[in-house]
Amino acid sequence: MTPDPLLTIERFSVVYDVDPPVEAVRDVSLTLARGEILGLAGESGCGKTTLAYGIQRLLKPPAVITSGTAVFHDAGGDDIEINALDEEQMRAFRWDKVSMVFQGAMNALNPVLAIGRQLDDVFTTHRPRMTKAERREECARLLDVVGVGRDRLRSYPHELSGGMRQRVMIAMAMALRPQLMIMDEPTTALDVLVQREILEQISELRHELGFSVIFITHDLPLLLEISDRIAVMKDGRLVEIDTAHRIYSDPQHAYTKRLLGSFPSLTGDRGDFVRGAGDAGHAAGADAAHPATASAATEEDAS
Amino acid sequence: MTILEFKGVTKRYHVRGAGDMLALDDVSFTLTSGQTMALVGQSGSGKSTIAKILTQLERATSGEVLLDGKPIPHRGPGLRRYRQRVRMVFQDPFASLNPYHTIRHHLARPLALDNVVPKDQIEDEVRALLTRVRLDPDATIDRRPHELSGGQRQRVAIARALASRPELLIADEPVSMLDVSIRLGVLNLLADLQRESNLGVLYITHDLATARHFSDQIMVLHHGVVVERGSADDVILNPQHEYTRALRDASPDPDKHFAGPTGEATTRSDAS
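Residues numbered from 1 in each chain as written. Chains lettered and ligands numbered in written order. Predicted model: local features only at pLDDT ≥ 70, side-chain atom pairs only at ≥ 80, totals over all residues. Heavy atoms only, no water.

Broken down by element type, chain B carries 11 helices and 10 strands. Here chain B has a C-alpha radius of gyration of 20 Å; the compact-globule value for 272 residues is 19 Å, and the two agree. Overall size of chain B, expressed as C-alpha extent along the three principal axes, is 60 × 50 × 40 Å. Out of the 272 residues in chain B, the part that is buried amounts to 52%. By sequence separation, contacts in chain B at least 24 residues apart represent 65% of the contacts at least 6 residues apart. Only carbon and sulfur atoms are counted for the fraction: they give 48% of the accessible area of chain B, which is about 12100 Å². For chain B, the centre of its 34 positive side-chain charges and the centre of its 34 negative side-chain charges are spaced 7 Å apart. (Helix = DSSP H or I, 4+ residues; strand = E, 2+ residues; numbered from the N terminus. Rg over C-alpha atoms; globule rule 2.2 N^0.38 Å. Buried < 20%, exposed > 50% of the residue type's maximum accessible area, 1.4 Å probe, protein only. Contact = heavy atoms within 4.5 Å. Areas by Shrake-Rupley, 256 points an atom, 1.4 Å probe, with all protein chains shown as cover. Lys, Arg positive; Asp, Glu negative; His and termini not counted. Charge placed at Lys NZ, Arg CZ, Asp CG, Glu CD.)

Our next topic: the packing of helix α3 (residues 115-126) of chain A against helix α5 (residues 162-174) of chain A. All names here are of chain A. Closest axis-to-axis distance for the α3/α5 pair is 9 Å, and the angle between their directions is 20 degrees. In this view, α3 runs roughly parallel relative to α5, as classed from their interaxial angle. In this structure, α3 crosses over α5, and the sense of that crossing is right-handed. In this structure, α3 uses I115, Q118, L119 and V122 to contact α5, whose residues at the interface are V168, A171 and M172. For the contact of α3 with α5, the residue count by class is six nonpolar, one polar and no charged. (Axes fitted to C-alpha atoms, helices over the stretch in contact; angles between N-to-C directions. Parallel < 35°, antiparallel > 145°, perpendicular 65-115°, else oblique. Left-handed = near helix turned anticlockwise from the far one by under 90°. Nonpolar A, V, L, I, M, F, W, Y, C, P; charged D, E, K, R; others polar.)

So, on to the domain arrangement of chain A. All names here are of chain A. With domains assigned, chain A is organised as domain 1 (1-97 + 179-247) and domain 2 (107-177). With centres defined by C-alpha atoms, the gap from domain 1 to domain 2 works out at 24 Å. The interface is formed by 18 residues belonging to domain 1 together with 17 residues belonging to domain 2. Between domain 1 and domain 2 the total buried area reaches about 1400 Å² when both faces are included, carbon and sulfur atoms providing 63% of it. If you look at where domain 1 meets domain 2, you find two salt bridges. The partner of R167 in a salt bridge is E197, and the shortest N-O contact between them spans 2.6 Å. Among the secondary structure elements, those contributing two or more residues to the side of domain 1 that touches domain 2 are α2 (87-93), β7 (180-184) and α6 (192-209). Grouping the constituent residues of the side of domain 1 that touches domain 2 by class yields 12 nonpolar, two polar and four charged. (Domains from an automatic or database assignment. Buried area = accessible area lost by both parts, 1.4 Å probe. Salt bridge = Lys/Arg side-chain N within 4 Å of Asp/Glu carboxyl O.)

Here we take up the pattern of salt bridges. Within this structure, the stated rule accounts for 31 salt bridges over all chains. For A:D242, the salt bridge is made with A:R246, and the minimal N-O distance between the two is 3.1 Å. Given the relative accessible area of 19%, A:D242 is considered buried. Relative accessible area serves as the criterion here: at 37%, A:R246 is assigned to the partly exposed category. Through salt bridges that share partners, B:R104, B:E123, B:R127, B:D138 and B:D142 make up one connected network.

Time to look at the sheet that holds strand β5 (residues 79-81) of chain A. All names here are of chain A. Overall, antiparallel pairing links the four strands, which are arranged β2-β1-β4-β5 in an open sheet. This sheet does not close on itself; its edge strands, each paired only once, are β2 (22-33) and β5. Looking at each pair of strands side by side, their axes are set apart by 5 degrees on average, direction ignored. The pairing of strand β1 (residues 5-16) with strand β4 (residues 63-73) spans eight bridges and is classified as antiparallel. When the bridges of β4 are listed, T8 appears paired with V71. (Pairing = 2+ DSSP bridges.)

This paragraph deals with the packing of aromatic side chains. By the definition in use, this model includes four aromatic pairs over all chains. Geometrically, the ring pair formed by A:Y53 and A:F102 is edge-to-face, given 6.0 Å between the ring centres and 75 degrees between the ring planes. Separated by 49 residues along the polypeptide, A:Y53 in helix α1 (residues 48-54) and A:F102 in the loop between β6 (98-101) and α3 bring together distant segments of the chain. Over the ring of B:Y13 we find B:K11; its NZ or CZ atom is 5.1 Å from the centre of that ring. (Phe/Tyr/Trp six-rings, centres within 6.5 Å; stacked < 30°, edge-to-face > 60°. Lys NZ or Arg CZ within 6 Å of the ring centre and 35° of its normal.)

So, about helix α4 (residues 132-145) of chain A. Residues and elements named next belong to chain A. The end-to-end C-alpha separation of α4 is 20 Å, in line with the 20 Å expected for 14 residues at 1.5 Å each. The set of residues buried in α4 consists of R135, E138, C139, A140, L142 and L143. In the core, the buried residues of α4 are packed alongside α3 and α5. Phi turns positive one or two residues past the end of α4, at G147, with a value near 85 degrees. (Expected span 1.5 Å × (residues − 1).)

Residue and element names in this part refer to chain B. As for its placement among the helices and strands, D172 is situated in strand β7 (residues 168-172). C-alpha separation for the pair D172 and S48, spaced 124 residues apart in sequence, amounts to 7.4 Å. Once residues within four sequence positions are removed from consideration, D172 is found in contact with S48, A51, M88, V89, F90, Q91 and I204.

What follows deals with the nonpolar core. Residues and elements named next belong to chain A. Counting 53 residues, the largest nonpolar core has I170, M174, M181, M183, F215, L220 and I230 as the members making the most contacts within it. In terms of residue count, α5 provides more of this core than any other element does, seven residues in total. Each of domain 1 (1-97 + 179-247) and domain 2 (107-177) accounts for three or more of the residues forming this core. Look past the residues within four positions of M183 in its chain and what remains in contact with it is V101, I170, I202, V213, I214, F215 and I216. (Core = buried A, V, L, I, M, F, W, Y, C linked by side-chain atoms within 4.5 Å.)

Residue and element names in this part refer to chain B. Looking at the element boundaries, R183 is found in helix α7 (residues 180-197). Buried and without a salt bridge, R183 has D207 as its closest oppositely charged side chain, separated by 5.3 Å. A polar atom in the side chain of R183 sits 2.9 Å from the backbone oxygen of L178. (Polar contact = N/O pair within 3.5 Å; in protein donor to acceptor, adjacent residues only side chain to side chain.)

With that out of the way, let us pick up the environment of A:V239. Tracing the backbone through its elements, the reader meets A:V239 in strand β10 (residues 237-243). Discounting residues that sit within four places of it in the chain, A:V239 has contacts with A:V232, A:M233, A:K234, A:H253, A:Y255 and A:T256.

Residues B:I103, B:H106, B:L107, B:A108, B:P110 and B:L111 constitute the buried set of helix α3 (residues 103-113) of chain B. B:N115, located one to two residues past α3(B), shows a positive phi value of around 50 degrees.

Take the packing of α5(A) against α6(A) next. When two helices pack together, their arrangement is given by the angle between the helix axes and by the axis-to-axis distance. Residues and elements named next belong to chain A. For the pair α5 and α6, the least separation of the axes is 11 Å and the interaxial angle reads 15 degrees. Here α6 runs roughly parallel to α5, going by the angle between their axes. Regarding α5 and α6, the two cross each other, and that crossing is right-handed. Note on element contacts: α6 touches α5 through V194, E197, I198, Q201, I202, L205 and L209, opposite G163, Q166, R167, I170 and M174.

As structure tokens, then:
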């Protein structure tokens, strides 16, 4: 199913070493294919962000990786065991091979530097051989690619909308052509219209440039639309992983069913969520049958 | 039957150096007890300005807001009585409750301030309120907000809004800060309370799916103008205005997404 793996995570566990210790990620194994968009779904506290940080060694104490490995299969043919890299190798590895768009990233831009300067920094650090003119052209090109436009190079973050700032962060994450981009709730703070534009852009760029994406969010309907496969986490464990279509049409785990049942269908049948159904609605909600799988009796007269 | 009318309301904000900003442009609608109306639109469309005018945190530049046919008072005891009848539930249950006070205090205070019940019945009323929002009074009454989950906190906030026995409830994104699996529980609670007490509810949200399932009517706001209104199903399933259509099409809708390739017609085909 995964002919060309990019990242292999095996029996990964992370513990927050507080009193009492919290097992944030428990024994998670998964393989990410090259060019794949993997959705990582779950609610707050399920360990999805900790896992994403863990595989890039971004965790700070009291978090401790207690077991497991994450092996990155580089396009050049090398297998890189991420846990074995030393400080300097890790610094070079991050952003170059794996980049990240953080939650609320659009507020992470430096308010007193023009965005062109901030993009330029990435190249000054990671590609010291590039000339000033090359860097400038590359920054301008990146802003074009994400739809912000090169004429905004000299704009300051406060002169851009939230959606544009988020695009700048995505441009920054793509700057070094990483093979994997990890996106942690990249569009949660944005409008649906802006969100849709950005998602379409990520999808297009993925096809053009062939990178893989781990997309973290609690918004399961969104993941169902954009992901190739979806992994569902609960209490630090991976409870289910399958193709988006199978997660949608034939979820196996009770928790996946419950999550799916938490989202009323936009255009589908009113199902369990009919107002006035009262207690019956609640009982059905607990059963977590997906509303869309019920018969669409109420729809017929509308058409 | 309580009727709140928004009649030709316009709101301008002065922006220093940029002249006037038109936040609401000739907006009219009616909110009736026993009905839930959803107000949808993207950020900056004017949703919250409507909520602020309804609660008189802002005043309309022109136009009228009438409660049972009378203009709502801008100050004094009249405004206070108005605010007892029209209550607000805020978005963020982490910010809207005071961390220093117990749940008992949060609910007893509006009861005492508004003289809802005699002093010696306040404790009983607080317990009754907690029961109404499906919280266990014994387990919650002496807690402080940080000891409760997000969903429990929002239930407390709803109980607080209900304390003065309002006729209309303004709920501004009441579940968007909550974890997905408990959102429906809180929305179902609001729907139940609405039926039990014949409340009128204005449900402000950007989530079209819950707007459709939990409202009778939907009103779509775009740049301060109401571009579309109608029954919830009509607006979502058969939108007339292009902005409503754009919003609908931008919202994730896996049913539609998967309906094509598999041929499982779980959704009706696009009505437009």
